[in-house]
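# Topology and contacts: notes
As a plain string of letters, each chain reads:
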Amino acid sequence: MDQDTLQVMLREAVRQTVTEVLQILLDADREAFLRQHGGRKNGYYPRKLETAFGQVKLAIPRDREGKYYPSLLQPYARRQVDVGEVAIALYAAGVSQRKAAEVMSLLLGHRYTHETISAITDQVLEAAEAFQKRPLPEEMAFVYLDGFFLKVLREGLGVERAAVYVALGVTPKGERQVLGFWLLPTENAHAWGEVLKELWERGLRRVLLLVTDGLPGIEEAIRRVYPMAGWQRCVVHMVRSSLGQVRSRDRALLAQDLKGVYMAGSRQEALGALERLREAWGARYPSLVAAWWENSGALLRFYGYPQVLWPYLRSTNLMERFIREVRRGTKVRDHKFPKGEAVYKLLYLESERQEGRWAERRLKGFAEVQEVLEGMLRERYAPRTQTLTHNRALPKTPSSPSLSLLQEFLGDFIV
């Protein structure tokens, strides 16, 4: 590929990224204006803007009363150049600092080093820290917890695998929010307990259901911090694990029988499908079938919620979509980060981008069951409101053996 062709391709790629970032900012700006001043949306009008990366076409949002004008655009201005914003946009799009420096040097005619880009994007760290410490709503209908691994250069230790923990919340209205992200050496139940503790301390007190994979000890961690919340184990993870344990010739038939469990019309039908699973496969795969029966309470807990929400609750797919977007930014970096701060930059920028997209896209089905979910929260938490002591300690699990057994027994009936 010759140099001219490469320049054209790079310019077009950057121009498209700049367009997307500016459009997100414009939409968010109108939302902020309407929340403060009132009014209603009134669509968009087209406008072209000259940038250092070429002309971009934008859809400028407007309101019915004609009072709104984008704060980031000067009236009648047709040019806008901000090297800092472009550098951050490139980084958010998954371009490494070194590559971003090369692209900007090529397009702008000035020499930018990756250290310069790093200094520019370091301003994101302050915003990321504030994002991580911001107060949370007091209640969420559902909270999803999941994690993935990245390679991070640790001073004096070299490149190591680090676990990225992510918490995603969904309100009774179907609004999604990134509750937080954490970078820790390993993924284990103790670390998840610390994550839950931080969510509590930042204000999240009432949750109906937490949806996670089958990490050992996660249920105990949830009960320590949110004893009134239910736990849904991800069915998809369980199915994948089960199919990986059987002979290839049995997978299709077993998958169909498992589908009869988690796609049943009710909990009772699902238990009937589990009985048929035991009859058909118990002799051939006894440990597999036993695992489904022993975990049936957590696997089938979604049946206690409105049916329209079952697809959201029986798996961590909502979370995995967010993680896929984050991973897109890690692939171009070959999954390696020069330091932990680079991970936090990426997670914060992606969280902001996704929340901007979610702002006007509530999850389908929640509007019709919003009152039901709000009623469930009131009923679940009104009799026994969780409180913190003066020293900000978390609620302690009852030390009495009889109370502990009673709580464990009742946990299977909390949905």
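Analysis parameters
- Residues numbered from 1 in each chain as written.
- Predicted model: local features only at pLDDT ≥ 70, side-chain atom pairs only at ≥ 80, totals over all residues.
- Heavy atoms only, no water.
- Helix = DSSP H or I, 4+ residues; strand = E, 2+ residues; numbered from the N terminus.
- Contact = heavy atoms within 4.5 Å.
- Areas by Shrake-Rupley, 256 points an atom, 1.4 Å probe, with all protein chains shown as cover.
- Salt bridge = Lys/Arg side-chain N within 4 Å of Asp/Glu carboxyl O.
- Buried < 20%, exposed > 50% of the residue type's maximum accessible area, 1.4 Å probe, protein only.
- pLDDT = per-residue confidence, 0-100.
- Expected span 1.5 Å × (residues − 1).
- Right-handed = clockwise from strand over helix to strand, strands pointing away.
- Polar contact = N/O pair within 3.5 Å; in protein donor to acceptor, adjacent residues only side chain to side chain.
- Phe/Tyr/Trp six-rings, centres within 6.5 Å; stacked < 30°, edge-to-face > 60°.
- Core = buried A, V, L, I, M, F, W, Y, C linked by side-chain atoms within 4.5 Å.
- Axes fitted to C-alpha atoms, helices over the stretch in contact; angles between N-to-C directions.
- Parallel < 35°, antiparallel > 145°, perpendicular 65-115°, else oblique.
- Left-handed = near helix turned anticlockwise from the far one by under 90°.
- Nonpolar A, V, L, I, M, F, W, Y, C, P; charged D, E, K, R; others polar.

### Considerations on the overall build of the protein chain
Of regular secondary structure, the protein chain possesses 17 helices and eight strands. Pairs at least 24 apart in sequence give 68% of the contacts found in the protein chain among residues at least 6 apart. Carbon and sulfur atoms make up 52% of the accessible area of the protein chain, which totals about 21700 Å².

### Overview of the pattern of salt bridges
Evaluated as defined, the whole model comprises nine salt bridges. Between K133 and E129 there is a salt bridge, and its shortest N-O distance comes to 3.0 Å. Residue K133 and its partner E129 are both found in helix α5 (residues 123-133); the two are separated by four residues, about one turn of the helix. Judged by relative accessible area, E129 falls into the partly exposed class, the value being 45%.

### Thoughts on the confidence of the model for the protein chain
The share of residues in the protein chain with pLDDT of 70 or more is 70%, and the mean pLDDT across the chain is 79. Looking at the elements of the protein chain, mean pLDDT is at its lowest for helix α17 (residues 401-411), recorded as 38, and at its highest for strand β6 (residues 206-212), recorded as 97. For residues 76-84, every residue scores under 50 in pLDDT, and the model assigns this stretch 22 contacts once sequence neighbours within four places are set aside. In the model, residues 387-393 has pLDDT below 50 throughout and makes nine contacts with residues more than four positions away in sequence or in other chains.

### What to know about helix α10 (residues 267-281)
Compared with the 21 Å implied by 1.5 Å per residue over 15 residues, the 21 Å span of α10 between its first and last C-alpha is a close match. Of the surrounding secondary structure, the elements contacted by the buried residues of α10 are α9 (251-262), α11 (286-294) and α12 (296-299).

### Let's talk about the pairing of strand β7 (residues 230-233)
Taking every second residue as pointing to the same face, both faces of β7 are buried, with G230 and Q232 on one and W231 and R233 on the other. One crossover worth recording links β6 to the parallel β7 by way of helix α7 (residues 218-225), and it is right-handed.

### Concerning the side chain of Q232
Inspection of the secondary structure assignment puts Q232 in strand β7. Given the relative accessible area of 0%, Q232 is considered buried. From its side chain, Q232 meets the backbone oxygen of L299 in a polar contact 3.0 Å long.

### Remarks on the packing of aromatic side chains
One pass over the structure, following the stated rule, counts 13 aromatic pairs. Residues Y165 and W192 carry aromatic rings whose centres are separated by 4.3 Å and whose planes lie at 65° to one another, so their mutual orientation is edge-to-face. Here W192 lies in helix α6 (residues 189-201) and Y165 lies in strand β4 (residues 158-170), a separation of 27 residues in the sequence. With respect to class, Y165 is no different from W192; both count as buried.

### Here's the deal with the nonpolar core
Ranked by internal contacts, the top residues of the largest apolar core, which has 93 residues, are F142, Y144, Y226 and W292. At nine residues, the largest contribution of residues to this core is made by strand β3 (residues 139-154). With residues near it in sequence (within four places) discarded, W292 still touches V235, M238, V239, S242, L258, V261, L274, L277 and L299. In this structure, V18, L26, L49 and L58 belong to the second largest nonpolar core, which totals eight residues.

### Some details on the environment of E129
Expressed as a C-alpha distance, the spacing of E129 and Y344, which sit 215 residues apart in the sequence, is 8.6 Å. There is a polar contact of 3.0 Å between the side chain of E129 and the side chain of K133.

### Regarding the side chain of T19
With respect to the secondary-structure elements, T19 resides in helix α1 (residues 3-37). Classification of T19 as buried rests on a relative accessible area of 18%. In contact with T19, not counting residues within four places along its chain, are V56, K57 and L58.

### Some remarks on the packing of α6 against α7
Between α6 and α7, the shortest axis-to-axis distance is 9 Å and the interhelical angle comes to 25°. In terms of orientation, α6 lies roughly parallel with respect to α7. By crossing handedness, the relation of α6 to α7 is classed as right-handed. Facing A189, W192, G193, L196, K197 and W200 of α6, the residues of α7 in contact are I218, A221, I222 and V225. Among the residues making up the contact of α6 with α7, the classes are represented as eight nonpolar, one polar and one charged.

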